[in-house]
Amino acid sequence: VMYTYAWYHWLTFFYVYCFFGWIFESTYVSLKQRHFVNRGFLRLPMLPLYGTGAVMMLWVSLPVRNSLIAVYFSGLIGATVLEYITGWAMERLFKVRYWDYSNQKFNLHGYICLTSSIAWGFLTILMTEVIHPPIAKAVLEIKPHTECFFLITTTILFGYDTFQSTKEALDLARALESITKLRAELEDMQVQIALLRAETVQEIHRIKENVRDSVVESAELRHENINLKKEEFETRIQELSKQLNEKRDVLKTRIGKRTPAILRRNPGAISRRFASALKELRSTIENL
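Residues numbered from 1 in each chain as written. Predicted model: local features only at pLDDT ≥ 70, side-chain atom pairs only at ≥ 80, totals over all residues. Heavy atoms only, no water.

**Focus: the packing of aromatic side chains**
On inspection of all chains with the given rule, the structure shows 20 aromatic pairs. On the basis of an interplanar angle of 90° and a centroid distance of 5.9 Å, the ring pair of W10 and F13 is categorised as edge-to-face. Of this pair, W10 and F13 both sit in helix α1 (residues 7-33), 3 residues apart, which is roughly one turn of that helix. The same class applies to W10 as to F13, namely buried. (Phe/Tyr/Trp six-rings, centres within 6.5 Å; stacked < 30°, edge-to-face > 60°. Helix = DSSP H or I, 4+ residues; strand = E, 2+ residues; numbered from the N terminus. Buried < 20%, exposed > 50% of the residue type's maximum accessible area, 1.4 Å probe, protein only.)

Here you go:
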C-alpha cells in the first residue's frame, strides 16, 4: 500500500510526524524541567528530525514488511545512521550539540548510543504496525484541495522558520567564537597588566638604588621620580582596565536577540569546543 502514496502524501506524513515528535519531546523535556519548554531547533511546533526519521523508517521497512525482525533491524540501522549524520553535521555547522549521549554507555562520539538505537528499532515496529496505518487512512481521506492548502501553508511557514532558526543557530555559533576570542584577549591583557606591574616595581626599585648611591640628588627629587613612575603605571593600568570593560560591553552586544530563544528551546545543548563560552553566554543572558 505504501508504494502507492503520492509525493504530496509523503510530505504530509513528514509534517504530521514532525508535529508528533514535537509533542513527545516537549512533553518529556517540560516534565523534566518542571516548566513548559518549546523543544526543538525550530520555533514552530515541529521537529524535523522526527519527521525525517519517521518517513525514513517507513521507506527502509518497505522491502521487508513481511518480517518484524527485518523491520526492527532496518529501522534500527536507518535511524541510527540518520541520527549520527544529523548530529555530526549540526555540530560542525553550528558549533553546538543539540543532543548528546556522551553520558550513556556504548555511545559513539556522543551522537548515538546503543540504548537509543535499540529504541529506534522498536519504534519502527510501532510506527509501521500501530501508528502509521490510522494516520495513513486519515491522510488519504483528506480532500485534495484541503491537503493542497495545508501543504502550501505549512511549507511556507516551515521554510521561513527553518531559515530564521538556521540564522539563529549561526548567530549563536558566531557569538561563541567571539566570546572565546574575547576571553583569550582578556587573559592576554591580564598578563600584560601583571608584567607591567612587575616592570614598574623594578623601575621604582632601580630609581631608589640610584638615588641612594647619588649624593647630589635630593630626597625631594627622588620622591618625585618615584611618584611619576607610579602615576605612569596607574595611567596605563586604567587604560587597560577601560579596554577590558569596553570588551565586556562588546560581549553583550554580540549576543543576538534570537540567541536566548534557541538556548531556551534546547536547555541540554552543549559545546565541546566552546564549553566555557556557552556557559558564560548562558550566564550573561540570565543577568540581562
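**Some words on helix α4 (residues 114-140)**
A bend of about 55° at H132 is the largest found in α4, and the proline P133 appears one to four places after it. Of the positions making up α4, those classed as buried are S116, S117, W120, G121, T124, M127, T128, H132, I135, A136 and V139. (Bend = angle between axes of the 7 residues up to and from the residue.)

**Some details on unusual backbone geometry**
Phi at F106 is positive, roughly 55°, even though this residue is not glycine. Relative to the helices and strands, F106 resides in the loop between α3 (68-94) and β1 (107-108). Its relative accessible area of 65% is what places F106 among the exposed residues. A positive phi angle, near 60°, is found at H109, a position not held by glycine. Within the secondary structure, H109 sits in the loop between β1 and β2 (112-113). Judged by its relative accessible area of 47%, H109 falls in the partly exposed class.

**Focus: a nonpolar patch on the surface**
Taken together, the side chains of I69, F73, I77, V81 and I85 present a nonpolar region at the surface, about 500 Å² in accessible area. Inspection of the secondary structure assignment puts I69 in helix α3. (Patch = residues over 30% accessible without salt bridge, like charges linked within 9 Å, V, L, I, M, F, W, Y side chains within 5 Å. Areas by Shrake-Rupley, 256 points an atom, 1.4 Å probe, with all protein chains shown as cover. Salt bridge = Lys/Arg side-chain N within 4 Å of Asp/Glu carboxyl O.)

**Points about the side chain of T128**
Along the chain, the position of T128 falls in helix α4. When its relative accessible area of 3% is taken as the criterion, T128 is described as buried. Reaching out from T128, the side chain makes a polar contact with the backbone oxygen of I125 at a distance of 3.3 Å. If we ignore the near neighbours within four places in the chain, the residues touching T128 are L58, S61, R65, V71 and P133. (Polar contact = N/O pair within 3.5 Å; in protein donor to acceptor, adjacent residues only side chain to side chain. Contact = heavy atoms within 4.5 Å.)

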